[in-house]
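Chain by chain, the residues:
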Amino acid sequence: MIRFTCSYLRSTSTNNIPWNIGVKRGITVSSSKWQKKMPDRPPAIKDEDFTEAFLKGSGPGGQKINKTSSAVQLKHIPTGLVLKVQATRSRSQNRKIARQMMAERVEEIEKGKDSRVAIVAETKKKRKSSAVKKSKRKYRLLNEAKAKETSGQAVAAHEETI
C-alpha cells in the first residue's frame with residue numbers, strides 16, 4: 001500500500017493559507033469584477049473558407065527547419081488574405097497558431113475597432129502612455145527637489161559670506 005501525504009494540508013495555521021498573503025504583507029489585490037472584461041476570442045474559421053499548404057521553412061533553426069515542411073500557409077478565400085506562420089519547428093503547433101491568427105485577422109477586417117485585437121492594442125497603448133506620464137512626473141519632481149536643495153545651499157553660502 002502506497003501512502004501519499006502533503007504537509008501543507010495538515011497544517012491549520014493561518015500562516016500557510018495562500019489567501020492570507022495579502023493581509024500579512026500589506027498587498028492589495030484588485031477584484032476582477034472592477035476590470036473591464038475583454039471580448040471573447042474570435043470563433044474558429046470553417047475549413048471550407050480557407051486553403052492550407054505546408055511549406056519548407058527558412059531562417060534560424062538549423063538544417064532541420066530547412067528540410068521539413070513545417071511552415072503553414074493559410075489563404076482565406078472570401079477575403080483573399082494570405083498568412084504564413086513558422087513560429088515553431090512543429091507543424092501541428094504552427095497549424096494551430098496560424099488558424100488562431102487567421103481568425104483574429106478576419107475578425108479585425110470585419111469588425112474594425114470593435115475587434116478583440118484592436119481593443120487589446122488600445123488597452124496596451126493606454127497603459128504605456130500612463131507609465132510614460134508617471135515616469136515624467138517622477139523625474140520632474142526629483143529635478144525640482146534637487147533644484148530646491150541646490151538653491152538652498154547657494155543661499156546658505158551667500159549668507160556666510162555676508
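Please read these numbers as outputs of a predicted model, since none were measured by experiment.

Another point: the pattern of salt bridges. What the rule picks out here adds up to six salt bridges. Across the pair Glu-107 and Lys-111 runs a salt bridge whose closest N-O atoms are separated by 3.5 Å. On the criterion of helical spacing, the pair formed by Glu-107 and Lys-111 is a turn pair, its members being four residues apart in helix H4 (residues 91-111). Under the relative-accessibility criterion, Glu-107 is labelled buried at 7%. Residues Arg-140 and Glu-144 are paired through a salt bridge, measuring 3.7 Å at the closest nitrogen-oxygen approach. Of this pair, Arg-140 and Glu-144 both sit in helix H5 (residues 116-161), four residues apart, which is roughly one turn of the helix. Residue Glu-144 is classed as partly exposed on the basis of its relative accessible area, which comes to 41%.

With that out of the way, let us pick up a positive patch on the surface. Positive charge collects at one region of the surface, where Lys-56, Lys-64, Lys-67 and Arg-89 lie side by side. Mapped onto the elements of the fold, Arg-89 is located in the loop between strand S3 (81-85) and H4.

Once that is clear, we can look at the packing of aromatic side chains. The description of an aromatic ring pair uses the distance of the two centres, along with the angle that the planes make with each other. By the definition in use, this model includes zero aromatic pairs. When the ring centre of Phe-54 is taken as origin, the NZ or CZ atom of Arg-91, which lies over that ring, is 4.1 Å away.

Now for the environment of Phe-54. Within the secondary structure layout, Phe-54 lies in strand S1 (residues 50-55). In the structure, Phe-54 is positioned 37 residues away from Arg-91 in sequence and 8.1 Å away in space, judged by C-alpha atoms. Each residue touching Phe-54, except ones within four places of it in the same chain, is listed here: Ser-69, Ala-71, Val-72, Arg-91 and Arg-95.

A few words on the side chain of Asn-94. Following the sequence through the fold, Asn-94 ends up in helix H4. You can call Asn-94 buried: its relative accessible area is 0%. Aside from chain neighbours lying at most four places away, what touches Asn-94 is Ser-70, Ala-71, Val-72, Val-85, Gln-86, Ala-87 and Thr-88.

The rules behind these values
Residue numbers here run from 1 along each chain, matching the order of that chain's written sequence. Whole-chain, interface and lining totals are the exception, using all residues; otherwise, since this is a predicted model, local features are given only for residues with pLDDT of at least 70 and side-chain atom pairs are given and counted only at 80 or more. To get the side-chain values, take all heavy atoms of the structure and skip hydrogens and water. Take a side-chain nitrogen of Lys or Arg and a carboxyl oxygen of Asp or Glu: if they are within 4 Å of each other, that pair is a salt bridge. Labels follow the DSSP assignment, with helices taken as runs of H or I lasting at least four residues and strands as runs of E lasting at least two, numbered in each case from the N terminus. Only protein chains enter the accessibility calculation, which uses a 1.4 Å probe; a residue whose area is less than 20% of its type maximum is buried, one above 50% is exposed, and one in between is partly exposed. A patch consists of residues exposed above 30% relative accessible area that lack any salt bridge, with like charges linked at up to 9 Å and nonpolar side chains (Val, Leu, Ile, Met, Phe, Trp, Tyr) linked at up to 5 Å. Only the protein chains shown count as cover for residues, with accessible areas throughout obtained via the Shrake-Rupley method and a probe of 1.4 Å. Positive charges come from Lys and Arg alone, negative charges from Asp and Glu alone, with His and the N- and C-terminal ends not counted. For charged residues, the charge sits on one atom: NZ in Lys, CZ in Arg, CG in Asp, CD in Glu. For this analysis, a ring pair means two rings from Phe, Tyr or Trp (six-membered ring only for Trp) whose centres lie within 6.5 Å, classed as stacked if their planes differ by under 30 degrees, edge-to-face if by over 60, and tilted for the remaining angles. To sit over a ring, a charge needs its Lys NZ or Arg CZ within 6 Å of the ring centre and within 35 degrees of the ring normal. Residue contacts follow a heavy-atom distance rule, with two residues in contact if any of their heavy atoms lie within 4.5 Å.

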